[in-house]
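Listed below are the residues making up each chain.
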Amino acid sequence: MMNWGTWGGGWTHGAWGFMMLFWVITVGLAVWGLTRLFPRGTSGTNATEPLEARLARGDISADDYRTICAELAKGNNGGADQK
C-alpha cells in the first residue's frame, strides 16, 4: 500500500521530472503550433516590392515607379492624410 500522506503522493523524483518534461514539451508544442497556425504579419517587408511587381506586369510605367519610390523615400504617404 502506498503512503499517500507523504509529500508527492509516493512519486519518486524521476517521476516528477518526467511529468515536468512532459508538460514543458506539451506546452512548447502547443505554442509552436499556434505560431504556425496564426503567423504574425510580415513586418519589415519592403514597400517597393508591390511596386516592382506592378512595374513587371506593366500596370505602371517606369516614370510612375520612380515617382512613387521617391514619395516613399520622402516619407510622404501620397497625401492620404491631406484633405
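As a starting point, this report considers the structure included with it.

Rules of the game
Residues numbered from 1 in each chain as written. Predicted model: local features only at pLDDT ≥ 70, side-chain atom pairs only at ≥ 80, totals over all residues. Heavy atoms only, no water. Axes fitted to C-alpha atoms, helices over the stretch in contact; angles between N-to-C directions. Helix = DSSP H or I, 4+ residues; strand = E, 2+ residues; numbered from the N terminus. Parallel < 35°, antiparallel > 145°, perpendicular 65-115°, else oblique. Contact = heavy atoms within 4.5 Å. Nonpolar A, V, L, I, M, F, W, Y, C, P; charged D, E, K, R; others polar. Salt bridge = Lys/Arg side-chain N within 4 Å of Asp/Glu carboxyl O. Buried < 20%, exposed > 50% of the residue type's maximum accessible area, 1.4 Å probe, protein only. Patch = residues over 30% accessible without salt bridge, like charges linked within 9 Å, V, L, I, M, F, W, Y side chains within 5 Å. Areas by Shrake-Rupley, 256 points an atom, 1.4 Å probe, with all protein chains shown as cover.

**Overview of the packing of helix α2 (residues 49-57) against helix α3 (residues 62-74)**
Orientation of α2 relative to α3, taken along the N-to-C sense of each, is 175 degrees, at an axis distance of 10 Å. One element, α2, and the other, α3, form an angle in the roughly antiparallel class. Contacts from L51, E52 and L55 in α2 reach A62, Y65, I68, C69 and L72 in α3. Here the contact of α2 with α3 is composed, by residue class, of seven nonpolar, no polar and one charged.

**Some points on the pattern of salt bridges**
A complete count under the given rule lists three salt bridges for this structure. Residue D63 is joined to R66 by a salt bridge in which the shortest nitrogen-to-oxygen separation is 2.6 Å. With D63 and R66 both in helix α3 and three residues apart, this pair spans about one turn of that helix. On the accessibility criterion, R66 (51% relative accessible area) is exposed. Measuring nitrogen to oxygen at the nearest pair gives 3.3 Å for the salt bridge that ties K74 to E71. Note that K74 and E71 are positioned in helix α3 at a spacing of three residues, about one turn of the helix.

**With respect to a nonpolar patch on the surface**
A cluster of nonpolar side chains, contributed by F18, L21, I25, L29 and W32, occupies part of the molecular surface with about 580 Å² of accessible area. Relative to the elements of secondary structure, L29 occurs in helix α1 (residues 13-37). A residue is classified by how much of its surface remains accessible, and L29, at 53% relative accessible area, is exposed.

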